[in-house]
Amino acid sequence: MKWMIASAPWVLAAAISGPALAADNPASMTDAVKTSVFGTLPDGREARLYRFSNAHGVEMAVTNYGGIIVSLRTPDSDGDVDDIVLGFDSLDGYLSRAYQTSNPYFGALIGRYGNRIAGGEFTLDGKTYTLAKNNGPNHLHGGNKGFNQVLWDAKPFSNDTGTGVILSYTSADGEEGYPGKMDVTVTYTLSDQDTLSVEYNATTTKATPVNLTQHSYFNLEGEGSGSILDHRLMINADAFTPVDKTLIPTGEIRPVKGTPFDFREATAIGKRINDDNTQLEYGPGYDHNFVLNRPDGSDGELVLAARVTEPDSGRILEIATTEPGIQFYSGNFLDGTLTGKSGRAYGRRNGFALESQHFPDSPNQKDFPSTILEPGDTYHTRTVYTFSAR
Ligand code: BGC
C-alpha cells in the first residue's frame, strides 16, 4: 500500500503559509495526548511520557525529561509501522548514561548551544565566559548538564494544526556558565499531513549565545536494524564548514563540489565514507555542518535542508528548516555498548542525526552568522520533518 508520496514543494508551502502555530492556539482536546509516568529522577521528581498520533498511523512519544523523542513510529511502503528513532524504553536508559561523556544524546533537545564551542570559552561584550570542557578540549551540546538533562514543564495540546506538547524551561543566569536568565519554549506538533514541526522560542535577560536543536538518531529501516550506510541522503548545500581534528570549524566555507561532502544529488551515506579524505578522517566519518542553500531574502523562512530515503522500507524523511545549517552526523561514535528499545545493540553507524542549527563555534567565529540573543529580542526557529514512504 502506498500511503503518501514525498513532495518537497508541499512541505515548504504548507509549512510556511500553514495555520496558526500551536503555541498561539493552545490546548483544546488534551485527551488526544495520553500521559503516563515515565520514571522518577534521582531527586524524586517524576518524568512524564506524552503519546500522540495522527490520522495516518504516525505515532510518537515524548518525555519532558530532556524533551526526548522516545519513539517515532511511521508506516513503510507496505503500511507496516516501525519505530525509526534510536533510544531506550525506560527513563533509566536515558538517566544511567546521562552523565557520561559517551552520552549519545538520543532524541534529546540540545541547548543552550548545539555542537561545539572551542576551548569551552567565548568573549561577549568584552567579558570572557568559561564553559565546561565536556568533549576533549571543547564544550559540546550545552555542557555537563545541558537541556537534554533537565525536566521541562509540559503542556499537551491538540488543535487544528495538530497534536503535541509545549515544553518550557527557565535556564538560570549563569547556568553551565552562560550569561542571562533564559526562558525557552519548544513545541512539538504532529500533523495529519505527516509532519512533525519543532518550534523553538527563547528570550534572555542578558546577551547570550543560543543554538537550539533536536538530536534524534534515525534509522528509517527501524531502530536496531543495523547500518544506515545504505540510506540515500540529499543535503541541499553547496558548501560545508571543514573542521580541525577536535571538530572545531576552521572558519572556511568550503564548496562540496568534487568532495565526498557533495550530497546535492541523493547518494548512499556509505558510498564515500571511507574515502581518503582528511575531513572524513577527523569525523571519523561524517560529523560536519553543511551550509544550506537559501534563496536571497528567505532568511527565517523554511527551506528544504535534507531528504533521506531508505530503499528496503521505502521510508522517506524530509527536513525543512529556518536555520542556516545542518549537522550531518553518521553515528560514528556508536560502538555497540548501548542496547536499545528492541533489545538490539546499537553498533557504529546504526543511526544518523541531521541537526538543524547555526554553525558550530559561532561565538568565536566572526564570519559565521551570529548566535547571540540580546535582551528584548526573541529567538525563534523552526524545523519541520515530513514522513512518507513509496
Ligand atoms: C556531534 C558529534 C557527537 C554527537 C553525539 C553530534 O551533534 O557533532 O560529534 O558525537 O553529536 O554527542
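Keep in mind the model is a prediction, meaning the values are calculated, not measured. (Residues numbered from 1 in each chain as written. Predicted model: local features only at pLDDT ≥ 70, side-chain atom pairs only at ≥ 80, totals over all residues. Heavy atoms only, no water.)

What to know about the overall build of the protein
What the protein contains, in helices and strands, is three helices and 27 strands. In terms of overall dimensions, the protein is globule-like: its C-alpha atoms have a radius of gyration of 19 Å, near the 21 Å expected for 390 residues. For the protein, the C-alpha atoms occupy an extent of roughly 55 × 50 × 45 Å along the three principal directions. Split into buried and exposed, the 390 residues of the protein put 60% on the buried side. Sequence separation of at least 24 residues holds for 67% of the intrachain contacts in the protein that already meet a minimum separation of 6. When the accessible surface of the protein is totalled, it reaches about 14800 Å², and 47% of it is carbon and sulfur. In the protein, 32 positive and 48 negative side-chain charges are present, and the distance between their average locations comes to 2 Å. (Helix = DSSP H or I, 4+ residues; strand = E, 2+ residues; numbered from the N terminus. Rg over C-alpha atoms; globule rule 2.2 N^0.38 Å. Buried < 20%, exposed > 50% of the residue type's maximum accessible area, 1.4 Å probe, protein only. Contact = heavy atoms within 4.5 Å. Areas by Shrake-Rupley, 256 points an atom, 1.4 Å probe, with all protein chains shown as cover. Lys, Arg positive; Asp, Glu negative; His and termini not counted. Charge placed at Lys NZ, Arg CZ, Asp CG, Glu CD.)

Considerations on the sheet that holds strand β25 (residues 353–357)
Pairing is antiparallel across the open sheet formed by five strands, whose spatial order is β19-β18-β21-β24-β25. This sheet does not close on itself; its edge strands, each paired only once, are β19 (254–255) and β25. Across five bridges, strand β21 (residues 287–292) lies against strand β24 (residues 325–329) in antiparallel orientation. Its bridge partner lying in β24, N289 is registered against Q327. (Pairing = 2+ DSSP bridges.)

Comments concerning the site of the ligand
Close to the ligand lie 13 residues; R116, H141, H215, D287 and E355 are nearest. Side-chain polar atom of R116 to an oxygen atom of the ligand: 2.7 Å apart, as the coordinates give it. Burial of the ligand by the surrounding chains reaches 95%, relative to a free accessible area of 310 Å². Of the residues belonging to the shell around the ligand, the class tally is six nonpolar, four polar and three charged. (Near = heavy atom within 4 Å. Polar contact = N/O pair within 3.5 Å; in protein donor to acceptor, adjacent residues only side chain to side chain. Nonpolar A, V, L, I, M, F, W, Y, C, P; charged D, E, K, R; others polar.)

Regarding the pattern of salt bridges
The final tally for this structure, using the stated rule, is eleven salt bridges. Here R73 and E59 are joined by a salt bridge, their closest N and O atoms 3.1 Å apart. Residue R73 is located in strand β4 (residues 69–75), and its partner E59 is located in strand β3 (residues 59–63); the two are separated by 14 residues in the primary sequence. Accessibility expressed as a relative area gives 31% for R73, which makes it partly exposed. Across the pair K341 and D83 runs a salt bridge whose closest N-O atoms are separated by 2.7 Å. Here D83 lies in strand β5 (residues 81–83) and K341 lies in the loop between β24 and β25, a separation of 258 residues in the sequence. One exposure class covers both K341 and D83, and it is buried. Each of the salt bridges in this network shares a partner with another, and the network as a whole consists of D238, D262 and R264. (Salt bridge = Lys/Arg side-chain N within 4 Å of Asp/Glu carboxyl O.)

Some words on the side chain of Q327
By the element assignment, Q327 lies in strand β24. A relative accessible area of 2% places Q327 in the buried class. A distance of 3.0 Å separates the side chain of Q327 from the side chain of Q357, its partner in a polar contact. Beyond its immediate chain neighbours, meaning those up to four positions away, Q327 contacts N115, D287, H288, N289, A353, L354, E355, Q357 and P360.

Digging into the nonpolar core
Counting residues in each nonpolar core, the largest one holds 57 residues, and the members touching the most others are F290 and F328. In contact with F328, not counting residues within four places along its chain, are L233, I235, F263, I269, Y286, D287, H288, F290, F352, A353 and L354. Of all hydrophobic cores here, the second largest spans 22 residues; its members include L49, Y65, L91 and L151. (Core = buried A, V, L, I, M, F, W, Y, C linked by side-chain atoms within 4.5 Å.)

Considering the pairing of strand β13 (residues 182–190)
Strand residues, when the strand is regular, have side chains that alternate between the two faces of the sheet. Along β13, seven of the nine residues are buried, which leaves the element largely enclosed by surrounding structure. Bridge count between strand β12 (residues 162–171) and β13: nine bridges; the pairing is antiparallel. When the bridges of β13 are listed, S171 appears paired with M182. Alignment of β13 against strand β14 (residues 195–204), held across nine bridges, turns out to be antiparallel. Across the sheet, the residue bridging to T189 is S197, located in β14. In textbook terms, the turn of a hairpin is the stretch between consecutive antiparallel strands, and for β13 and β14 this stretch comprises four residues, one of which, D194, has a positive phi near 65 degrees.

What to know about the packing of aromatic side chains
To describe a pair of aromatic rings, one takes the distance between the centres and the angle between the planes. According to the stated counting rule, one finds 23 aromatic pairs in the structure shown. The ring of F263 carries the charged tip of R272 above its face, separated from the ring centre by 4.7 Å. (Phe/Tyr/Trp six-rings, centres within 6.5 Å; stacked < 30°, edge-to-face > 60°. Lys NZ or Arg CZ within 6 Å of the ring centre and 35° of its normal.)

Here's the deal with the pairing of strand β9 (residues 127–130)
Looking at chain direction, strand β8 (residues 121–124) and β9 are connected through four bridges and run antiparallel. Following the sheet pairing, E121 is matched in β9 by T130. Counting the residues that bridge the hairpin from β8 to β9 gives two residues, and of these D125 lies at a positive phi of roughly 50 degrees.

Side note on the sheet that holds strand β27 (residues 379–389)
The antiparallel open sheet is built from nine strands, whose spatial order is β11-β12-β13-β14-β27-β23-β22-β17-β20. Of all the strands in the sheet, the pair left with one neighbour each is β11 (153–159) and β20 (267–268). As paired strands, strand β22 (residues 303–309) and strand β23 (residues 315–321) are joined by six bridges and run antiparallel to one another. Residue pairing for β23: L304 is matched across the bridge by A320.

Brief notes about the confidence of the model for the protein
Low pLDDT marks stretches whose predicted atomic positions should not be read closely. Counting all residues, the mean pLDDT for the protein is 92, and 91% of those residues have values of 70 or more. The spread of mean pLDDT over the elements of the protein runs between helix α1 (residues 8–17), the lowest at 36, and strand β17 (residues 232–235), the highest at 99. Low pLDDT, under 50, characterises residues 1–29; the predicted model gives this stretch 66 contacts beyond four residues in sequence or across chains. (pLDDT = per-residue confidence, 0-100.)

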